[in-house]
Amino acid sequence: MQNLEIGAAYVRVSTDDQTELSPDAQVRVIMDAAKADGYLIPEEFTFIEKKGISGRKANNRPEFQRMIALAKSQDPSPFKRLYLWKFSRFARNQEESVFYKSILRKKCGVDIKSVSEPIMDGMFGRLIESIIEWFDEYYSINLSGEVLRGMTEKALRNGYQSVPPLGYQAVGEGKPFAIDPERIGMAEFIFTAYHDGTDMTAIAREMNRRGWQTKRGNPFERRTVARILSNRFYIGEVTWNGITFQGTHPIQKSIMDVFDKNQQRISKETHFIHKRQVSSCKHWLSGMLTCYICGATLSVTRSNDPKKRPDYFQCWKYAKGFHTGSCSISVKKAERSVLESLQRVLDTGEVDFEYIPKVNKMVVSECALLEAALSKTAIKEQRVREAYENGVDSLDEYKSNKARLLAEREHLQQELRKLNAQEPDIPPALQKEQLMVNIRSVYNLIQDSDIDYETKGNSLRSIVKSITFNRETDMLNFHYFI
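Source: prediction; values computed, not measured.

What counts, and at which threshold
Numbers given for residues are sequential positions, taken from 1 along each chain in its written order. Totals for whole chains, interfaces and linings use every residue, but because this is a predicted model, local features are given only for residues with pLDDT of at least 70 and side-chain atom pairs only at 80 or more, for both listing and counting. To obtain the side-chain values, all non-hydrogen atoms of the structure were included, while hydrogens and water were left out. When a carboxyl oxygen of Asp or Glu lies within 4 Å of a side-chain nitrogen of Lys or Arg, that pair is called a salt bridge. Secondary structure elements follow DSSP: runs of H or I of four or more residues count as helices, runs of E of two or more count as strands, with numbering from the N terminus. Throughout, exposure labels follow a simple rule: accessible area from a 1.4 Å probe, protein chains only, divided by the maximum for the residue type, with under 20% read as buried, over 50% as exposed, and the rest as partly exposed. DSSP-based pairing: two strands are paired if at least 2 bridges between them are found. Between 30 and 60 degrees the pair is tilted, below 30 it is stacked and above 60 it is edge-to-face, where a pair is any two Phe, Tyr or Trp rings, Trp via its six-membered ring, whose centres lie within 6.5 Å. A positively charged side chain is recorded as over a ring if its NZ (Lys) or CZ (Arg) lies within 6 Å of the ring centre. The angle to the ring normal must also be within 35 degrees. Any helix carries an expected span of 1.5 Å times its number of residues minus one. Structural elements are reduced to axes, namely lines fitted to C-alpha atoms, with helices fitted over the stretch in contact, and the angle between N-to-C directions of any two is expressed from 0 to 180 degrees. The sense of a crossing depends on the near helix, which, turned anticlockwise from the far helix by less than a right angle, makes the crossing left-handed and, turned clockwise, makes it right-handed. Throughout, a residue-residue contact means that at least one pair of heavy atoms, one from each residue, lies within 4.5 Å. Classification used: nonpolar for Ala, Val, Leu, Ile, Met, Phe, Trp, Tyr, Cys and Pro, charged for Asp, Glu, Lys and Arg, polar for all others including Gly.

For this particular structure, what's the right way to read the pattern of salt bridges?
It is possible for side chains of opposite charge to pair when their charged atoms get near one another. Under the criterion given, the structure shown has 16 salt bridges. A salt bridge links E221 to K320; its shortest N-O distance comes to 3.5 Å. Placement of E221 in the loop between helix 7 (200–209) and helix 8 (222–230) and of K320 in the loop between helix 10 (316–319) and strand 13 (329–330) is noted, with a sequence separation of 99 residues between them. What makes K320 partly exposed here is its relative accessible area of 31%. When the shortest N-O distance is used, the salt bridge between K465 and E354 registers 3.5 Å. Of this pair, K465 sits in strand 15 (residues 464–470) while E354 sits in strand 14 (residues 353–354), and the two are 111 residues apart along the sequence. Residue classification places K465 among the partly exposed positions, given a relative accessible area of 44%. A relative accessible area of 29% means that E354 is categorised as partly exposed. Each member of the salt-bridge network shares a partner with another, and the members are D37, R81, D111 and K113.

Help me understand the pairing of strand 16 (residues 475–481), please; the structure alone is not making it clear to me.
Moving residue by residue along a regular strand, the side chains alternate between the two faces of the sheet. Alignment of strand 14 against strand 16, held across 2 bridges, turns out to be parallel. The partner of E354 across the bridge, within strand 16, is F481. As paired elements, strand 15 and strand 16 share 6 bridges and run antiparallel to each other. Residue pairing across strands places V464 opposite Y480, the latter belonging to strand 16. Hairpin connection, strand 15 to strand 16: the antiparallel pair is bridged by 4 residues, and D474 has positive phi, about 55°.

Just checking my understanding: could you explain the sheet that holds strand 15 for this structure?
Remark on secondary structure: sheet strands pair via backbone hydrogen bonds, oriented parallel or antiparallel. On the basis of which strands lie adjacent, the open sheet formed by 4 strands has the order 10-15-16-14 and mixed pairing. Each edge of the open sheet carries a strand with a single partner, namely strand 10 (289–291) and strand 14. Here strand 10 runs beside strand 15; their pairing, made up of 3 bridges, is parallel. Pairing of L289 across the sheet is with I467, part of strand 15.

Please explain the packing of aromatic side chains as it appears in this structure.
Here the distance between the centres and the angle between the planes together describe a pair of aromatic rings. Scanning all chains against the criterion turns up 17 aromatic pairs. Residues Y160 and F177 carry aromatic rings whose centres are separated by 5.1 Å and whose planes lie at 65° to one another, so their mutual orientation is edge-to-face. Of this pair, Y160 sits in the loop between helix 5 (123–156) and strand 6 (168–169) while F177 sits in the loop between strand 6 and strand 7 (178–179); the two residues are 17 residues apart in sequence, bridging distant segments of the chain. Grouping residues by exposure puts Y160 and F177 together as buried. One aromatic cluster is present, formed by Y160, Y168, F177, F191, F233, Y234, F245 and F259 through successive ring pairs. Positioned over the ring face of F64 is R61, at 4.3 Å from the centre of the ring.

What am I meant to see in the pairing of strand 11 (residues 298–301) here?
Burial along strand 11 is one-sided: L298 and V300 are buried, and none of S299 and T301, which face the opposite way, are. Alignment of strand 11 against strand 12 (residues 312–315), held across 4 bridges, turns out to be antiparallel. For S299, the partnering residue across the bridge sits in strand 12 and is Q314.

Quick question: what am I supposed to make of helix 1 (residues 23–37) here?
For an α-helix the count is 3.6 residues per turn, leaving residues at separations of three or four pointing the same way. Its 15 residues place the ends of helix 1 21 Å apart at the C-alpha level, agreeing with the 21 Å of an ideal helix rising 1.5 Å per residue. The complete set of buried residues in helix 1 reads A25, Q26, V27, I30, A33 and A34. Once helix 1 finishes, G38 follows within two positions and takes phi at roughly 85°, a positive value.

Just checking my understanding: could you explain the packing of helix 6 (residues 184–195) against helix 7 for this structure?
When two helices pack together, their arrangement is given by the angle between their axes and by how far apart the axes lie. Interaxial distance between helix 6 and helix 7 falls to 10 Å at its minimum, and their mutual angle equals 145°. Seen from above, helix 6 lies across helix 7 with right-handed handedness. Touching M186, F189, I190, A193 and Y194 of helix 6 are M200, I203, E206 and M207, all from helix 7. Here the residues of the contact of helix 6 with helix 7 sort into 8 nonpolar, no polar and 1 charged.

Below, the structure written as structure tokens:
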């Protein structure tokens, strides 16, 4: 009996090769070659990168990494041969090419074949393959160098090639950018509003309220406004890769008139901004409080002058200008409210909570292995069907193989049902009793001044899933669980 072997296909389209086949064309050629070799490539073993993904770094190619991970996930690998349109599709960095090919060939037992660059087996074939890899890497490095030199020369000749800022649009051929009549008003609003005293966050919030979006279609935030306010392109300067020249693009007088004064204000405000403290836990409530408007977490802000304004929590999306409606609460008030809630539960014994059964990691792992085995069985079933349809197996052989695989499938499904059988739930009375014990322990721990923030935060997370603060009602809603 001759069975069809399982193969895989990796497809990536080069952005710099004018003779490159499209992804569909590459797949079609690969499938024909695999079929001629006696290989079946299932759809789930066809790995296609998105257009424009570079071959220089493997870490930047998600489908490539998924293909390598799948090959290493089982012993032996679920596929025996990897098909490519060209060896350069695998990598254009020889060091990475040798490394990953070694993994596939030596550790996973996977053969690698280029359908457009057939080479013989043995040491001489490997030598030819290495020469192809050297040429591909040289081509890639030389191309990037030529492109960079061309762009540098273009910049030295006052050519426009950077991304146009808000309010401008590219014309092409290195010509000066033109005014974008539909968006220049947005840039003017930012410069004028900041000059009139509005802070950057409030500007971002107002622009989002008006339904305006960035050039990439995203909401505005504080740092977006800051970048626009500091961009000297709006007063005629063009900068690319350290090269600056006086451009000839049109300039809005309303922006030119306020630009320098805005820079003075930015400089004064920046002088008072303190660097963010590096800490794994700025407060034991960090990450626990959520905004009632958008559901985002509230981040803690340390005050420069606690007498005028104490430390407080604020929704990070509001702070960046993503929505209106403040959701701030002072740190002291939040701490007091949490302790009062815990104390009230302990005094009254009344609490609504969610029971979350513990997950057995070993059972989850075994289930994953069984599901993988079921997937492999499905491939085997497809393979024996292909063998019968192609005249490789007789009808009796097909029936025998089908019955054997059916029995294998039923056995795997039975084992999976056993593992998925739910353990009996803990009686509600015992659930509540255990929760009360946990709440008392957390309550005592939080009040201990000698305990660090991280320990306090982890203990609170063991009984509270989330705490939602509603600024309008001035209430905190606790979600307890066990």
